[in-house]
Amino acid sequence: MDRNEALQKVRAFTLKELLKNPEYGLKNDEPLFSSGLIDSFAMAQVGVFIETEFNLYIPDPELTVENMDSVDLITDKILAGLAAQ
Amino acid sequence: MTLPFINPVEVLQRRAQETPNRLSHMLLGATDAESHSLTYSQLDAEVKKMAAYLQSVAEPGQRALLVYPTSLEFVVAMFACMYAGIIPIPTNPPGMNRSAQRLEAIARDARARLVLTTPEYQHAFLAEAAQFPDFAALTWVTREAVEAGSGHSLQIPVITPQSTAFMQYTSGSTNIPKGVVISYRNFSHNMHALHETRIRGNEYADDSVILTWTPLFHDMGLLIGTFLTPMDGTPSILMPTIQFMQNPLNWLKAIQKFKATASGGPNFAYDLCVNKIPLEKCEGLDLSTWKIAYNSAEPVRAETQARFAEKFAPFGFRPEVQAPCYGMAETTLVISYYTGEKKTITQRFRRADFEEGRLVPSDSDEQKESVEAVSSGVPLVDYQIAIVHPKNRKRCAPNEVGEVWISGDSVGEGYWNRPEDTKHTFGAHIAETHEGPYLRTGDLGFMHDGHLYITGRLKDLLIVRGRNYYPQDVEMTVERTHPALRAGGGAAFSVTEDNVEQLVVVHETQRREMDGVDWNEVIKTIRTNVAREHGIRAHAVILIRRATIAKTSSGKIQRSEMKRQYLANELQIVAEWRAPS
């Protein structure tokens, strides 16, 4: 999958479902969890979004703040996971 | 035994006079330059300023929600309420991703008058004011408002053991929050109990340091991180929870850096350290100052304790500092605590008997043959524990598992404004002898050699990563996903896989709706909705044939029977999704 295509999906999901504000000027490398912008409650949503949208299951131990802290990081994790399939 | 009454307002003022320059609390930032601290005299001064302001905008006895991240402001606000005679209610501040619905439910239930918070949260909440009109009617207090409104005088109220110290909203399902009323009598007794844990652990000394990363709005962070410090005169290092979640090594490194003597968390935190910290990153790590490593708020696993001790022994970690504990918001915090042995104390029992509530010792190490129960320690000062048959309310025989009932001065005064729930949970009496009142913990367990063992739950509560979930809340979310799912036909329960509790959802379908329904899409929506509303990923979602969910004769869902069918592969499945293994 094209990185930009994946990134746009992650970005749209983050703005609409997590930040609930499509107008928010989110930078792709902006920390989401570590900044407190969204709380760890949303981690489960990120996991299910990746499963349903990309058909990729990220196991619990990898669904961490370290791996998922920005649109860029989430996209990279998805691409790495898809490449490994 | 009569323990002296500890009045936190007097104690903090005395510390401010006797040791004004001693460190009270330090908040860790991402770098040293971003860390902040308060001495006793600074804390006392900040508290008095805020308390005076609070008295100018509210009456004694009114309730205030505290909505803060882990911060020194939270500590100031807690004490300021106590100095002002306002009843503080610590709450879990939601991120932008979450609705303020639960906060509003708490505000309504407590009939709160004030919200003490930061300007950022105030802004975010008032943006939702149209949705939550009750919020706009509250008085919002930020540090800026306090600074602008200074110059008020403070009248510290008389505090008696019967006065309310604070309320803890941690019980009850999402939609019906219940506030545990903690009086100063309860608070004082639990402070003695916490102090006793330190004495037993040989941890209490002039160079003691407490380090917490668990949230301050939760009983463990609240009592240990916020209050224990001034009461015992030990500095408290506060680490924002996110710093631990980002990398559990941050926790261990902070213990080393500040030479912390007491620190801990739920079982999953120790698992994370074992599974997520690469050994090569531990070079130079020194955990030798650690004297109490408490493990509480979810079931303690012997395997986790053993693996943690083994992995970190080369870095100065001593297994005898591992301290499984047991406690809950209804008892202020701590009930039992244990320390001093070389390893976690466990007992093995024959599985077949154990599952029926009988304790028959077993020598077998085989999982199939035996179960291993982990001691949650020895009950602390002045607690009475009774193990009781939950149905007939008679005391169990010594070799039987029953519901754990507790009495003692730490047991809270009841649920705020809920006399029926209070009577049921806080006012239990043993049949025939009428001993009581006891608190019904809803947990199952037994006593053995003076140790309390918790073996399961009577109440259908799911505990995943230290968070409590009520199955009826999850079932309601699932049911609302699609009209082809039968109302009241779902069971949510947890199973243990790889030592971790996981959520399983089973739900009945309706036959007349079945034609043309894309069940896989329904399952996707269920997973999405459960994650969004509860912050948890379902491990398995299974839709079953109509009229195959187990119910009692009175129509209650039999979650344990559905769990049994799930484990035995006996469900009549229409469609399913399971997490890949």
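Up top you'll find the structure we're talking about.
What counts, and where the lines are drawn
Residues numbered from 1 in each chain as written. Chains lettered and ligands numbered in written order. Predicted model: local features only at pLDDT ≥ 70, side-chain atom pairs only at ≥ 80, totals over all residues. Heavy atoms only, no water. Axes fitted to C-alpha atoms, helices over the stretch in contact; angles between N-to-C directions. Helix = DSSP H or I, 4+ residues; strand = E, 2+ residues; numbered from the N terminus. Parallel < 35°, antiparallel > 145°, perpendicular 65-115°, else oblique. Left-handed = near helix turned anticlockwise from the far one by under 90°. Contact = heavy atoms within 4.5 Å. Nonpolar A, V, L, I, M, F, W, Y, C, P; charged D, E, K, R; others polar. Phe/Tyr/Trp six-rings, centres within 6.5 Å; stacked < 30°, edge-to-face > 60°. Buried < 20%, exposed > 50% of the residue type's maximum accessible area, 1.4 Å probe, protein only. Lys NZ or Arg CZ within 6 Å of the ring centre and 35° of its normal. 1 Å grid on protein atoms, 1.4 Å probe; cavity = no way out; pocket = protein on both sides within 12 Å on 5 of 7 lines; lining within 4 Å. Points joined across faces, edges and corners; volume = space filled by probe spheres on them. Pairing = 2+ DSSP bridges. Core = buried A, V, L, I, M, F, W, Y, C linked by side-chain atoms within 4.5 Å.

> Please set out the packing of helix 2 (residues 43-54) of chain A against helix 17 (residues 519-534) of chain B residue by residue, giving values where relevant.
It is at 8 Å that the axes of helix 2 of chain A and helix 17 of chain B come closest, and there the two elements cross at 160°. In terms of orientation, helix 2 of chain A lies roughly antiparallel with respect to helix 17 of chain B. With respect to the hand of their crossing, helix 2 of chain A and helix 17 of chain B are arranged in left-handed fashion. Every residue of helix 17 of chain B that contacts helix 2 of chain A at A44, Q45, V48, E51 and T52 of chain A is listed here: K524, R527, T528, A531 and R532 of chain B. A breakdown of the residues in the contact of helix 2 of chain A with helix 17 of chain B according to their chemical character gives three nonpolar, three polar and four charged.

> Provide a residue-level description of the packing of aromatic side chains, including the pertinent values.
Centre distance and the angle of the planes are the two values used to describe a pair of aromatic rings. Summed over all chains, the structure comprises 25 aromatic pairs over all chains. Pairing Y415 of chain B with F426 of chain B gives two aromatic rings, centres 5.1 Å apart and planes at 80°, and the pair type is edge-to-face. Pair noted here: Y415 of chain B is in strand 20 (residues 414-415) and F426 of chain B is in helix 15 (residues 419-426), with a separation of eleven residues, a long-range link. Look at Y415 of chain B and you get buried, because its relative accessible area is 7%. One aromatic cluster is present, built from ring pairs that chain together W213, F244, W251, Y270, W290, F308, F312, F315 and F317 of chain B. The side chain of K9 of chain A reaches across the aromatic face of F54 of chain A, ending 5.5 Å from its centre. Lying across the ring of W577 of chain B, R527 of chain B places its NZ or CZ 3.7 Å from the centre.

> Describe the layout of surface pockets, and please don't skip the residues or the numbers.
By volume, the second largest pocket is sized at about 210 Å³. Every residue along the wall of the second largest pocket is listed here: F13, E17, Q45, V48, F49, T52 and E53 of chain A together with E521, K524, T525, T528 and R532 of chain B. Elements that contribute at least two residues to the lining of the second largest pocket include exactly helix 1 (3-18) and helix 2 of chain A together with helix 17 of chain B. A breakdown of the residues in the lining of the second largest pocket according to their chemical character gives three nonpolar, four polar and five charged.

> Quick rundown of empty space enclosed by the protein? Include the residues and the values.
Here the idea is plain: a probe the size of a water molecule rolls over the atoms and shows the empty space left. All names here are of chain B. Tallied over the entire structure, the rule returns one cavity of 30 Å³ or more. The calculated volume of the largest cavity comes to roughly 110 Å³. Along the walls of the largest cavity sit E46, K49, M50, Y68, E73, V76, T142, R143, V146 and E147, which together make up its complete lining. When its residues are assigned to classes, the lining of the largest cavity shows four nonpolar, one polar and five charged.

> So what's going on with the sheet that holds strand 19 (residues 402-407) of chain B? Residues and values would help.
Residues and elements named next belong to chain B. Spatial strand order, 18-19-21-22: four strands in an open sheet with antiparallel pairing. Both outer strands of the open sheet, strand 18 (384-388) and strand 22 (451-457), are each paired with one neighbouring strand and no more. Between one strand axis and the next, the sheet turns by 50° as a mean value, whatever way the strands run. Sheet topology note: the strand 19/strand 21 (residues 439-448) ladder contains four bridges and is antiparallel. Considered in strand 21, the bridge of E403 is made with L444.

> Describe the nonpolar core, listing the residues and the values that go with them.
Residue and element names in this part refer to chain B. Counting 79 residues, the largest nonpolar core has M50, L54, L116 and F166 as its most contacted members. Aside from chain neighbours lying at most four places away, what touches L116 is M50, L54, A64, L65, L66, V67, Y68, A77, C81 and V141. Within the second largest apolar cluster, 33 residues are counted, among which are L28, I255, F312 and F317.

> Give a detailed account of the sheet that holds strand 27 (residues 538-544) of chain B, specifying residues and quantitative values.
Residues and elements named next belong to chain B. Ordered by their spatial adjacency, four strands build an open sheet running 25-26-27-28, and the pairing between neighbours is mixed. On the outer flanks of this sheet lie strand 25 (485-497) and strand 28 (573-578), each paired with one strand and no other. Taking the axes of each pair of neighbouring strands and ignoring which way they run, one obtains an average angle of 15° across the sheet. Alignment of strand 25 against strand 26 (residues 500-509), held across nine bridges, turns out to be antiparallel. Paired with E497 across the strands is V500, a residue of strand 26. Most of the contacts of helix 16 (residues 471-479) go to strand 25, to which it runs at about 130°, and overall it touches strand 25 and strand 26. Contacts between helix 18 (residues 559-567) and the sheet are confined to strand 25, strand 26, strand 27 and strand 28, with strand 25 contributing the most and set at about 65° to the helix.

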